[in-house]
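Results of the structural survey
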Amino acid sequence: GAVVSQHPSRVICKSGTSVKIECRSLDFQATTMFWYRQFPKQSLMLMATSNEGSKATYEQGVEKDKFLINHASLTLSTLTVTSAHPEDSSFYICSAVDLAAFFGQGTRLTVV
Amino acid sequence: GIQVEQSPPDLILQEGANSTLRCNFSDSVNNLQWFHQNPWGQLINLFYIPSGTKQNGRLSATTVATERYSLLYISSSQTTDSGVYFCAVAWHDNNNDMRFGAGTRLTVKP
């Protein structure tokens, strides 16, 4: 199946700093990618849809100024968590669709 | 939006037992997938199955789209099958983003 690569897999940052997470489709092009968030022992919740060459679409309740999304090419989307706070600590995971949906390895963010 | 319900929420099995996990959804779908999330968080694709039946080793899945449910069968379970199983769907008028059920947490004991 198709491969989606996400980096970093784990990051610890200080409160107030920004963190960038990359999501790449390695063997297919994706005009659309998706970012999810997962809290411990919960399901995945869609945060936003990343659109190549245009603005991202955010789900209700997700702050677009807090979670900046850039989809500059057909194989790369980035999520930047700006001015991170401890409550932003979570597991972030991206996906892209090539008939089926394929997911990156996820990024475990800890804000201290 | 579409509602996705999975049952049971938790399941404890003895190694070698069989199990059936269920996923109900509230609207017509054009994509349904089953995933296994491993302890490191990685989502492993098990089946892409918007309709019909598929089998892969000890796992099989059936989706009855007209009745809006899907079943995942695990036979001769092994301890390595432990983890959370998610059903996710996409429907015709959304943008292919997958909406997830709450998951079934499976524990297989030796």
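Preceding this paragraph is the structure being described.
Here is a short report on the structure shown in this document. Every value quoted in this text rests on a predicted model; they were computed, and no experiment measured them. (Residues numbered from 1 in each chain as written. Chains lettered and ligands numbered in written order. Predicted model: local features only at pLDDT ≥ 70, side-chain atom pairs only at ≥ 80, totals over all residues. Heavy atoms only, no water.)

1. Describing the side chain of A:Q38
Among the structural elements, A:Q38 can be located in strand β4 (residues 32–38). Of note is the side chain of A:Q38, whose polar atom sits 2.9 Å from the backbone oxygen of A:Q42. If we ignore the near neighbours within four places in the chain, the residues touching A:Q38 are A:S43, A:L44, A:S90, A:F91, B:Q37 and B:F86. (Helix = DSSP H or I, 4+ residues; strand = E, 2+ residues; numbered from the N terminus. Polar contact = N/O pair within 3.5 Å; in protein donor to acceptor, adjacent residues only side chain to side chain. Contact = heavy atoms within 4.5 Å.)

2. Some details on the side chain of B:T62
Residues and elements named next belong to chain B. Looking at the secondary structure, you find T62 in strand β7 (residues 59–64). Within polar-contact distance, the side chain of T62 engages the side chain of T53 at 3.1 Å. In this structure T62 touches I49, G52, T53, Y69, S70, L71 and Y73, once residues within four positions along its chain are discounted.

3. Observations regarding the interface of chain B and chain A
Contact with chain B, which involves 20 residues of that partner, is made by 23 residues of chain A. Carbon and sulfur atoms make up 53% of the surface buried where chain B meets chain A, a total of about 1600 Å² over both sides. Inspection of the region where chain B meets chain A yields 1 salt bridge. Taking the shortest distance from any N to any O, the salt bridge between B:R99 and A:E59 comes out at 3.4 Å. Our count for the chain B to chain A interface comes out at 6 residue pairs in polar contact (both at pLDDT 80 or more). When residues of the side of chain B that touches chain A are traced back to their parent elements, those giving at least two are β4 (31–37), β5 (43–48) and β10 (99–100) of chain B. (Buried area = accessible area lost by both parts, 1.4 Å probe. Salt bridge = Lys/Arg side-chain N within 4 Å of Asp/Glu carboxyl O.)

4. Here's the deal with the sheet that holds strand β8 (residues 76–81) of chain A
Residues and elements named next belong to chain A. Taken in spatial order, the 4 strands make up an open sheet running β1-β3-β8-β7, and their pairing is antiparallel. Strands with a single pairing partner mark the edges of an open sheet, and in this sheet they are β1 (4–7) and β7 (67–73). In this sheet, adjacent strand axes meet at a mean angle of 15 degrees when their direction is disregarded. One ladder, built from 6 bridges, connects strand β3 (residues 19–25) with β8; its direction is antiparallel. Bridge pairing links E22 to T78 in β8. (Pairing = 2+ DSSP bridges. Axes fitted to C-alpha atoms, helices over the stretch in contact; angles between N-to-C directions.)

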